[in-house]
Structures are given as C-alpha cells and as structure tokens.
Amino acid sequence: MGTLDGKVAIVSGSGRGIGRDIALRLASEGASVVVNDLDPEPAYETVEDIKAAGGHAIACVGSVTDTDFAERFVGTAIDAFDGLDIIVNNAGFTWDTVIQKMTDEQWDTILDVHLKAPFRILRAAQPYIKANPTTYHRKVVNVSSVAGLYGNPGQSNYAAAKAGIVGLTKTLAKEWGRYKVNVNAVAYGFILTRMTEAVAGDDSFVEIGGRKIKAGVSTAVMERVKTSNPLGRPGTPAEAAGAVYVLCTQDTDYVSGQCLTVDAGSR
C-alpha cells in the first residue's frame, strides 16, 4: 500500500532533473502520474521507468508556455486516469545575466515559464476541482527558489518569477481552501541538476526550446556551497523530490500557504 494510492498527479518538467525524481517518487507511492517534458524522449523514458517499476504513467509532451498546454495537461490526467489530485508546477530553467545586459526576450521567457505557466495550469484545473469535490485533500506544490526569497546576482528574471510563485501560492491557498486543496511551495537551494553540474567557463550549454542556454556554476560558487552549507554539499534531485512528496501526503492536510525552504539550513 502506497501513501498516494488512487491519486492522480501532474508534474510539469518531469522528464529530467528534479521533476523526474518527483514523478518517480509520487508513482512509487501509488500515484498515477502525467509526465511532461519539452522533448519527447525524456518524457517517454520517465514513463517507461515508472511502468517498469509497476506504476502508472502517461506522457504529455510540449512546452508549458504553449497557449493550449494547460488545458491539454489537465485534460490528459482526467481522460487517462479519471481524476486530478496533485499538481506540481516544476518546469523551468535559468537564463542569466546582469540586468543591464538582459534582453526583453530573456525576461519574458523566464517569467512565462516560471510564473505564467503555473498560473495557466492552476486556472485550467479550477473548474474540474470545483465540480468534483473530494473527502480528502488535494495538493498543489509550486516550485520556487531561494533566489525568489533572497535574490541572486545575475538572476533578476528568475528571482522575480520565483518570488511571484510564492505570492501565487499564498493567494491560491486562500482561494482554494474551500475546495479542500492545500497549496504550498518549495524553495530550493543548490540542487545538482544538468543546469548546475557543469563548471562555468567550460563552454557548457543545454539546448532548451531551440535556444542554447549557458549552464554550469563557477568553481568559486561550488566551493562556497561546500563551506557555507551546514551539510557541506549540494542537494540531490531525490532529496529535492522528497520535500515535494511530503507536501503531497495527508500528513500535511493542515499545512497550506507555506513556502518550505529546502537548502539544508544555509540561510
């Protein structure tokens, strides 16, 4: 028996990185999961891994910024699994530079991915949630960042979007409490992903939506993480996923409108 048996979850950006671990964790606890990624291959790979472990999953491939994505994402859960109980807004990436060099495209793209897309997904889910009351609590977990709480040089776009996610979370907790929905956020510190594992300056890039985005962090930043972090290391995607999982269980039915900082006590 899993703690999430019978629940249906949608997890954006779950083909890779933290999102993949979130999808795997929720599925391992019995949830049926709609897996999303911008690219087909990682989405289908995550689906197959869930199925191979005895779970249930289906892919919904596409960009969370597409105008029809939110309705398609929510609709996939309802059509494939006849329900929607858990929403995890995780998809995102960083596109950094100092503000005087930041283009409108950089600003708009990051705000669209990290703030507008979650807004649209939650808006699309509301009619179903309202029309289908439950005896249990549904869950929403929005992924924020310590950059949204404290700021981070070179990330005015990302920090603004992640701060906005906290405001959206707190507002939806008040609006959706009447529907028995807990709405919370997690603010991640330094987690090792494909965007942070490489060393900056090594010409490391990732391709996202046809754009080549600079990846990696400087050796100085990595050393600072090791010395300033009480645990002496970055977090892993599995550890990041664990925080989301906790907020999806009935043990947090009286926790809503909160932002859980997941950074090993670094701040």
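Per chain, residues are indexed from 1 in the order of the written sequence. Thresholds applied to this predicted model are a pLDDT of at least 70 for local features of residues and 80 or more for the giving and counting of side-chain atom pairs; totals over whole chains, interfaces and linings are not thresholded and use all residues. Values reported for side chains reflect all heavy atoms of the structure, with hydrogen atoms and water molecules removed beforehand.

The name given to the chain in an unreviewed UniProt entry is 3-oxoacyl-[acyl-carrier-protein] reductase MabA, with the source organism recorded as Rhodococcus baikonurensis. UniProt positions are given in the numbering used here, feature names are shortened, and annotations may be inferred rather than shown by experiment. On record in UniProt, under Catalytic activity (unreviewed entry), the comment for the chain is "a (3R)-hydroxyacyl-[ACP] + NADP(+) = a 3-oxoacyl-[ACP] + NADPH + H(+)". The record held by UniProt for the chain lists under Subcellular location (unreviewed entry) the comment "Secreted, Cell wall".

Visitor: Explain the packing of helix H1 (residues 17–28) against helix H2 (residues 40–52) to me, please; I cannot follow it from the model alone.
Guide: Helix packing geometry: the angle between the two helix axes and the distance between the axes. Axis angles are defined between N-to-C directions and span 0 to 180 degrees, where every axis is a line fitted to C-alpha atoms and, for a helix, only to the segment in contact. A run of DSSP states H or I qualifies as a helix once it reaches four residues; a run of E qualifies as a strand once it reaches two. Both are numbered from the N-terminal end. Axis separation between H1 and H2 bottoms out at 10 Å; the angle between their running directions is 25°. One way to sum up the angle between H1 and H2 is to call them roughly parallel. Judged by the twist between their axes, the crossing of H1 over H2 is right-handed. Contacts between H1 and H2 involve Arg20, Ala23, Leu24 and Ala27 on the former and, on the latter, Glu45, Thr46, Asp49 and Ile50. Residue type decides the class: Asp, Glu, Lys and Arg count as charged, Ala, Val, Leu, Ile, Met, Phe, Trp, Tyr, Cys and Pro as nonpolar, and the leftover types, Gly among them, as polar. Considering only residue class, the contact of H1 with H2 consists of four nonpolar, one polar and three charged. When describing relative orientation, an angle under 35 degrees is termed roughly parallel and one over 145 degrees roughly antiparallel, while 65 to 115 degrees is termed roughly perpendicular and anything else oblique. If you view the pair so one helix is near and one far, a crossing is left-handed when the near helix is turned anticlockwise from the far one by less than a right angle, and right-handed when it is turned clockwise. Whether two residues are in contact is decided by their heavy atoms, any of which lying within 4.5 Å being enough.

Visitor: What should I look at first to understand the sheet that holds strand E5 (residues 138–145) in this one?
Guide: Neighbouring strands of a sheet are bound in pairs by backbone hydrogen bonds; such pairs are parallel or else antiparallel. Pairs of strands are assigned from DSSP output, requiring at least two bridges between the strands. Spatial strand order, E3-E2-E1-E4-E5-E6-E9: seven strands in an open sheet with parallel pairing. The open sheet has two free edges, formed respectively by strand E3 (56–59) and strand E9 (259–262), since each of these has just one partner strand. Averaged over neighbouring strand pairs, the angle between their axes works out to 20° when direction is ignored. Relative to E3, strand E2 (residues 32–35) runs parallel, the two sharing four bridges. Looking at E3, one finds that valine 34 is bridged to isoleucine 58. Sheet strands in contact with helix H6 (residues 156–176) are E5, strand E6 (181–188) and E9, and its direction is about 160° off that of E5. The sheet contacts of helix H8 (residues 237–247) involve strand E4 (86–89), E5, E6 and E9, and relative to E6 the element is tilted by about 165°.

Visitor: Before we go on, may I ask you to explain H2 in this structure?
Guide: At 3.6 residues per turn, the α-helix brings residues three or four places apart onto the same side. Each helix should span, by expectation, one fewer than its residue count multiplied by 1.5 Å. For H2, with 13 residues, the first-to-last C-alpha span of 18 Å sits near the 18 Å given by 1.5 Å per residue. Those residues of H2 that sit buried are Pro42, Ala43, Thr46, Val47 and Ile50. Considered in projection along H2, the buried side chains sweep an arc of 140° and stay on one side of the axis. Exposed side chains of H2 directed beyond 90 degrees from the buried face belong to Glu41 and Ala52. Packing partners of the buried residues in H2 comprise H1, E2 and E3. Looking one or two residues past H2, glycine 54 carries a phi angle of roughly 95°, positive in sign. Think of it in three bands: residues with accessible area under 20% of the maximum for their type are buried, residues over 50% are exposed, and the middle band is partly exposed, with areas taken using a 1.4 Å probe on protein chains only. Think of the arc as the fan of directions from the helix axis to the C-beta atoms.

Visitor: Can you help me understand the packing of H1 against H8 in this one?
Guide: Between H1 and H8, the least distance of the axes is 8 Å, while the angle of their chain directions is 55°. Here H8 runs oblique to H1, going by the angle between their axes. Handedness of the H1/H8 crossing: right-handed. Side by side, H1 and H8 meet where Gly17, Ile18, Asp21, Ile22, Arg25 and Leu26 of the first sit next to Pro237, Ala238, Ala240, Ala241, Gly242, Val244 and Tyr245 of the second. Each residue belonging to the contact of H1 with H8 can be placed in one class, and the counts come to nine nonpolar, two polar and two charged.

Visitor: Would you explain the layout of surface pockets in this entry?
Guide: Gaps left between atoms show up when a probe the size of a water molecule is rolled over them. Put plainly, a pocket is an open set of points on a 1 Å grid over the protein atoms alone with protein on both sides within 12 Å along at least five of seven lines, a cavity is a set where a 1.4 Å probe fits but cannot get out, and a lining residue has an atom within 4 Å of a point. Grid points are joined across faces, edges and corners, and a volume is the space filled by probe spheres set on the points. Counted as a void, the second largest pocket has a volume near 190 Å³. Lining the second largest pocket are 13 residues, with Thr3, Lys7, Cys248, Thr249 and Gln250 sitting closest to its centre. Considered class by class, the residues forming the lining of the second largest pocket number four nonpolar, four polar and five charged.

Visitor: Got a minute to help me understand the pairing of E6 in this structure?
Guide: A regular strand places its side chains on the two faces of the sheet in alternate fashion. Of all the eight residues making up E6, eight are buried; the element is thus mostly covered by neighbouring parts of the structure. The two faces of E6 match: Val181, Val183, Ala185 and Ala187 on one face and Asn182, Asn184, Val186 and Tyr188 on the other face are all buried. For E5 and E6, the ladder comprises eight bridges, and the chain directions are parallel. Across the sheet, residue lysine 139 finds its bridge partner in E6, namely asparagine 182. Inspection of the sheet shows E6 paired to E9 by four bridges, in the parallel sense. Bridging from a neighbouring strand, valine 186 pairs with leucine 260 of E9.

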